[in-house]
Amino acid sequence: MNAIKPKLCIIGLGMASMRLLDELVKHRATEQYDIAVFSAEAPAGYNRIMLSYLLTGEQTLASVTSHTPEWFAQQGVVLHLGTKVTAMDPIQQSFTTETGEVFGYDRLVLATGSNASRIALPGADLAGVHCFRDLQDVAQLNDLDLTDARPVMVLGAGLLGLEAAYGLAGKGHRVIVVHRSDRILSQQLDAMAGRLLQKSMEQQGIEFVLQRQLAEIQGSHQIEAVRLNQGEVFEVKALITAVGIQPNSELAKQAGLLVNRGIVVNNALETSQPAIYALGECCEFEQQTFGLVAPIYRQATILAASLMQLPTRPFEHQLSATRLKVSGIEVFSFGDPNQLGDQLVLQDPSLGLYRKVVLVDGVIQSAILLGNTQDANWLFELHQQQIKIDNSQRSALLFGEAYYERAAA
Ligand SMILES: Cc1cc2nc3c(=O)[nH]c(=O)nc-3n(C[C@H](O)[C@H](O)[C@H](O)COP(=O)(O)OP(=O)(O)OC[C@H]3O[C@@H](n4cnc5c(N)ncnc54)[C@H](O)[C@@H]3O)c2cc1C
């Protein structure tokens, strides 16, 4: 007779819990736990990063789905799709789903991600105002009328706004991106790289209006036009808001867990309640929340090991490198994009190529690569290992590893 195993339940099936599941499978966790996953979304585990490619049609749902129902069956993990968890009871160690079913747990992992921030303007709930976060959003954007010549406006030129713009332009819509700062992707790029990326996107037909904010949404049931803070009015068929994300921590808050912006966790990803853990965009560690997968994947590795009572390092903040493909253009950056120091720059604007490495006391503090990111990992490693760059090799840094090694010889 099989011994009864403790129940490990995971709420959410996004990028964080898929990586956690991969790590758990690697450690043969199903021999130790009965694992069940509860996902509010109806489709199985897909790669959220690929949403814009679903919109353009370059990818299909099948091609971006890694954790299929068959995968779960093979691993012996129970999957509850389309099952939103609506309440938790940490005292009884149970939670309730939308349909009123109650499940008990021995260990509970919250991986509920985040929601797109809403704009605080009248009209934000009109038909035609969307965000870009999941497959449901992609389905709604797919329904936009291509024969309607009015543009789609995207508010925000951070990663998510540019992804949405790329997807919509690729589908054939006229797209105007409105952004409050003077450059796009300002958390990752300096002014020059921002301009070059913007130029490349403009060549793909995407228009930009910078240093503007949304002042008014016009329309009665359906959005019809928007007015910007300098008075310009645009007739639009839709507005996509991409102005930030909010950790999805409501469930935890209602259950009395400690929540600031996100669900507060310690360096073992433990929440304020015993046997409840959180990771990914829903959690907050040392006053910081997360919006890219690199730190979230590190959290998954640590949490899986600790759930399996294996030795593991505590989670700590690390400078994460950002590697993106925006509008098909490769972007890599780490550190402060406006870092002061010795700036080494190589650029070829007509090819959309840009490389900047900033050294402080001979050590790389930040870098931006645009167009060709082939040397990204190598530069990041030099930074992580705090290698002091010899004067004779400094300029060779911009030409890549092989050239740099030759300069040393
Ligand atoms: C279009 C797009 C492009 C991106 N590109 C990049 C990129 O290039 N590089 C990068 O590093 N990052 C990128 N990101 C960010 C990255 O996708 C997120 O950081 C990552 O998805 C966060 O993972 P998560 O599991 O915490 O949250 P999510 O992936 O959002 O998963 C959370 C899941 O939990 C479910 N859920 C929530 N509440 C409940 C509940 N009560 N019951 C059951 N289920 C629930 C949600 O429905 C969702 O499926 C991109 C994001 C988007 C939207």
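Residues numbered from 1 in each chain as written. Predicted model: local features only at pLDDT ≥ 70, side-chain atom pairs only at ≥ 80, totals over all residues. Heavy atoms only, no water.

Under an unreviewed UniProt entry, the name given to the protein is Nitrite reductase, and the source organism is Thiomicrospira aerophila AL3. On record in UniProt, under Sequence similarities (unreviewed entry), the comment for the protein is "Belongs to the FAD-dependent oxidoreductase family." Comment text from UniProt for the protein, heading Cofactor (unreviewed entry), reads "FAD". (UniProt positions renumbered as here; feature names shortened; annotations may be inferred.)

## So, the pairing of strand E23 (residues 322-326)
Because side chains alternate across E23, one face comprises the buried residues Thr 322, Leu 324 and Val 326, and the other comprises Arg 323 and Lys 325, none of which is buried. One ladder, built from 5 bridges, connects E23 with strand E24 (residues 329-334); its direction is antiparallel. By the bridge assignment, Thr 322 is partnered in E24 with Ser 333. Linking two consecutive strands that pair antiparallel, namely E23 and E24, is a turn of 2 residues; a positive phi of about 55 degrees is found at Ser 327 within it. (Buried < 20%, exposed > 50% of the residue type's maximum accessible area, 1.4 Å probe, protein only. Helix = DSSP H or I, 4+ residues; strand = E, 2+ residues; numbered from the N terminus. Pairing = 2+ DSSP bridges.)

## Remarks on the site of the ligand
Of all residues adjacent to the ligand, which total 32 residues, the nearest are Ala 16, Glu 41, Arg 48, Arg 133 and Glu 281. A distance of 3.2 Å is found between an oxygen atom of the ligand and a backbone nitrogen or oxygen belonging to Met 15. Here an oxygen atom of the ligand sits 2.9 Å away from a polar atom, N or O, in the main chain of Val 293. When the ligand is considered free in solution it has 1000 Å² of accessible area, and contact with the protein chains removes 94% of it. For the shell around the ligand, the elements supplying multiple residues, two or more each, are helix H1 (15-26), helix H6 (159-171) and helix H9 (293-307). There are two domains that each give the shell around the ligand at least three residues, and those are domain 1 (7-115 + 245-307) and domain 2 (129-241). (Near = heavy atom within 4 Å. Polar contact = N/O pair within 3.5 Å; in protein donor to acceptor, adjacent residues only side chain to side chain. Areas by Shrake-Rupley, 256 points an atom, 1.4 Å probe, with all protein chains shown as cover. Domains from an automatic or database assignment.)

## Some details on the side chain of Gln 188
Inspection of the secondary structure puts Gln 188 in the loop between strand E13 (175-179) and helix H7 (191-203). Judged by relative accessible area, Gln 188 falls into the buried class, the value being 11%. Those residues within four positions of Gln 188 in sequence are excluded, and the remaining contacts are Leu 292, Thr 322, Leu 324, Ser 333, Pro 337 and Ile 368. (Contact = heavy atoms within 4.5 Å.)

## Section: the domain arrangement of the protein
As assigned here, the protein comprises domain 1 (7-115 + 245-307), domain 2 (129-241) and domain 3 (335-408). On a C-alpha basis, the centroid separation for the pair domain 1 and domain 3 is 37 Å.

## Some thoughts on the environment of Gly 291
Within the element layout of this structure, Gly 291 appears in the loop between strand E22 (283-284) and H9. Of the residues examined, Gly 291 reaches a relative accessible area of 45% and is grouped as partly exposed. Taking the C-alpha atoms as reference points, Gly 291 and Gly 161, separated by 130 residues in sequence, lie 14 Å from one another. When sequence neighbours within four positions are dropped, the list of residues in contact with Gly 291 reads Ile 245 and Glu 281.

## A look at the packing of aromatic side chains
The description of an aromatic ring pair rests on the distance of the ring centres and on the angle between the ring planes. Throughout the structure, instances matching the rule amount to 12 aromatic pairs. The ring of Tyr 297 carries Arg 19 above its face, with NZ or CZ at 3.7 Å from the centroid. (Phe/Tyr/Trp six-rings, centres within 6.5 Å; stacked < 30°, edge-to-face > 60°. Lys NZ or Arg CZ within 6 Å of the ring centre and 35° of its normal.)

## Let's talk about a nonpolar patch on the surface
Among the surface-exposed residues, Leu 346, Phe 399 and Tyr 403 lie close enough to one another that they form a single nonpolar patch of about 280 Å² accessible area. For Phe 399, the position within the fold is in the loop between helix H10 (376-384) and helix H11 (401-408). On the accessibility criterion, Phe 399 (47% relative accessible area) is partly exposed. (Patch = residues over 30% accessible without salt bridge, like charges linked within 9 Å, V, L, I, M, F, W, Y side chains within 5 Å. Salt bridge = Lys/Arg side-chain N within 4 Å of Asp/Glu carboxyl O.)

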